[in-house]
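Chains, contacts and geometry: an overview
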Amino acid sequence: MSSSTSSNLWLIGAGQMAQDYVQVLKALQTPFKVIGRGINSASAFESAMEIPAQTGGIEKALQNESPPETAIVAVGVEQLASVTTKLLQAGTKRILLEKPGGMNLEELQQLHFTAQSQQSEPYADVWLAYNRRFYEATRKAREIILADGGATSLHFEFTEWSHKIREIEGKTDIKAVWLLANSTHVIDLAFHLCGWPKDWQSWSSGSLDWHPASARFSGAGMTDQNVLFSYFADWEAPGRWGVEVLTRKNRLILSPMEQLQVTPLGSVKVESVPLEDKLDQDFKPGLYLQTEAFLKQDATHFCTLEEQVKHAEFYEKMAGYNKN
């Protein structure tokens with residue numbers, strides 16, 4: 001266990017994501033306390049994890065106790081910003097916040113303002129939990145890109161299965177911002193590997209009953225690492241998530257994103273790259289190394305809240321949320 005690990009750690013949330021974090025925190029031998037909201041979710045959590053979960057939510061916990069130095073916020077998308085705001089205002093200094101951090105650009109901007117406006121230094125660190133950055137496949141891709149002298153071009157697809165999402169009960173508000181809430185798993189990883197857009201165009205068209213802004217998405221441009229990129233998604237047609245990064249020596253394919261395949265220069269054969277990915281097999285992929293890096297205060301591969309505010313401007317443009 002890292003000596004810098006704080007024993008004063010709260011895990012906020014009692015759903016499936018929180019359960020995934022519990023498995024990692026136990027393996028890292030890190031003491032923590034679970035803060036849930038409702039009695040039903042807390043009791044389901046307790047029976048699954050065999051550890052207690054406080055009920056009453058963050059408000060009740062902060063009324064009765066001093067704020068934690070460190071927190072992992074793993075609540076529903078619609079609660080992410082409000083829970084994190086309460087922690088920041090109470091004085092928590094380090095927060096690992098589940099993606100995307102808020103329901104829209106405005107929520108993220110307000111959250112960033114709150115983080116910056118807490119008077120006592122050091123200012124709070126809020127890092128976004130894009131766990132695909134911590135996949136072994138991603139680490140290996142970064143290694144190959146570096147060895148090959150950098151990426152030259154990038155293409156990614158973030159097609160979602162509309163027929164499945166429509167069946168999700170409730171969550172109308174979240175489904176209406178599904179590109180931000182879910183597709184950014186792919187988009188964040190693609191730009192993490194190749195740089196963020198600096199000169200680009202985007203188009204969106206169509207409409208879905210659960211995602212009125214758009215159903216199809218396309219765009220292209222150049223990143224700040226001078227990598228040409230294009231993307232595509234059609235939420236009314238078959239498809240899947242995928243990222244392809246091209247270098248002068250290899251085409252790297254992440255689809256599914258837990259696996260890495262390459263096509264070397266001079267070949268058309270797609271070859272699987274062997275990965276030492278036991279941690280991705282034993283835990284929710286990426287979560288062990290992500291949590292370990294957070295506890296060790298290693299920001300190398302994280303998206304900060306400040307960066308996420310900038311990225312959300314790209315996401316809203318891609319989605320057509322700001323058409324009107």
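This text follows the structure it describes.
Below: a short report on this structure.

Cut-offs used in this document
- Going along each chain's sequence as written, the residues are numbered from 1 onward.
- It should be noted that, the model being predicted, local features are given only for residues of pLDDT at least 70 and side-chain atom pairs only at 80 or more, the latter also being counted only at that level, while totals for whole chains, interfaces and linings use all residues.
- To get the side-chain values, all heavy atoms of the structure are used, and hydrogens and water are removed first.
- In the cavity and pocket records, a cavity denotes points on a 1 Å grid over the protein atoms alone where a 1.4 Å probe fits but cannot get out, a pocket denotes an open set with protein on both sides within 12 Å along at least 5 of 7 lines, and lining residues are residues with an atom within 4 Å of a point.
- Grid points are joined across faces, edges and corners, and a volume is the space filled by probe spheres set on the points.
- Helix and strand assignments follow DSSP, with helices taken as H or I runs no shorter than four residues and strands as E runs no shorter than two, numbered in order from the N terminus.
- Note that Gly is not counted as nonpolar here; it falls among the polar residues with everything else outside the nonpolar set of Ala, Val, Leu, Ile, Met, Phe, Trp, Tyr, Cys and Pro and the charged set of Asp, Glu, Lys and Arg.
- The rule for a salt bridge is simple: a side-chain nitrogen of Lys or Arg has to be within 4 Å of a carboxyl oxygen of Asp or Glu.
- We call a residue buried when its accessible area falls under 20% of the maximum for its residue type, exposed when it is over 50%, and partly exposed in between, using a 1.4 Å probe and counting protein chains only.
- Contacts: residue pairs with any heavy atoms within 4.5 Å of one another.
- Here a polar contact means two N or O atoms within 3.5 Å. Within protein one must be a hydrogen donor candidate and the other an acceptor candidate, and residues neighboring in sequence count only if both atoms are side-chain atoms.
- Note on geometry: axes are C-alpha line fits, over the in-contact stretch for helices, and angles between N-to-C directions span 0 to 180 degrees.
- Oblique is the label for any angle not under 35 degrees, not over 145, and not in the 65 to 115 range, which are roughly parallel, roughly antiparallel and roughly perpendicular in turn.
- Handedness of a helix crossing follows the sense of rotation of the near helix relative to the far helix, less than a right angle counterclockwise being left-handed and clockwise being right-handed.

Here we look at the layout of surface pockets
By volume, the largest pocket amounts to about 1,100 Å³. As for the largest pocket, its lining consists of 43 residues, and the residues nearest its centre are Met17, Val75, Gly76, Val77 and Glu98. At the level of elements, helix H1 (16-27), helix H3 (57-64), helix H4 (80-90) and helix H9 (178-194) are the ones that each hand at least two residues to the lining of the largest pocket. Looking at the lining of the largest pocket residue by residue, the class counts come to 18 nonpolar, 13 polar and 12 charged. For the second largest pocket, the calculated volume is near 190 Å³. The wall of the second largest pocket is formed by 13 residues, among which Phe134, Leu289, Ala293, Asp298 and His301 lie closest to the centre. Listing elements by their share of the lining of the second largest pocket, those giving two or more residues are helix H6 (136-147) and helix H11 (287-295). Counted by class, the lining of the second largest pocket contains 4 nonpolar, 2 polar and 7 charged residues.

Side note on unusual backbone geometry
The general pattern is negative phi for most residues beyond glycine and trans for most peptide bonds. That bond from Lys99 to Pro100 is cis: its omega, 0 degrees, falls within 30 degrees of zero. Within the fold, Pro100 resides in the loop between strand E4 (94-98) and helix H5 (105-117). Residues Ser255 and Pro256 are joined by a peptide bond in cis, for which omega reads 0 degrees. With respect to the helices, strands and loops of the structure, Pro256 is situated in the loop between strand E11 (250-254) and strand E12 (261-264). Positioned with a positive phi, Gln29 is a non-glycine residue whose angle comes to about 55 degrees.

Digging into the pattern of salt bridges
Enumeration over the complete set of coordinates arrives at 13 salt bridges. The shortest N-O distance in the salt bridge between Glu59 and Lys86 comes to 3.4 Å. Residue Glu59 is found in helix H3, and its partner Lys86 is found in helix H4; the two are separated by 27 residues along the sequence. Taking the relative accessible area as the measure of exposure, Glu59 reaches 38% and is therefore partly exposed. Lys86 sits in the partly exposed class, given a relative accessible area of 29%. Between Lys296 and Glu292 there is a salt bridge whose closest N-O contact spans 3.7 Å.

Some thoughts on the environment of Glu65
Here Glu65 lies in the loop between H3 and strand E3 (70-73). Each residue touching Glu65, except ones within four places of it in the same chain, is listed here: Trp10, Lys33 and Gln54. Within polar-contact distance, the side chain of Glu65 engages the side chain of Lys33 at 2.3 Å. A distance of 3.3 Å separates polar atoms of two side chains, one belonging to Glu65 and the other to Gln54.

Some words on the packing of H1 against H11
Their axes nearest at 10 Å, the elements H1 and H11 cross at an angle of 65 degrees. On the basis of the axis angle, H1 is roughly perpendicular to H11. For the pair H1 and H11, the crossing hand works out as right-handed. Contact residues: Met17, Asp20, Tyr21, Val24, Leu25 and Ala27 in H1; Leu287, Tyr288, Gln290, Thr291 and Leu295 in H11. Tallied by class, residues from the contact of H1 with H11 come to 8 nonpolar, 2 polar and 1 charged.

Any functional reading would require information beyond the geometric quantities listed.
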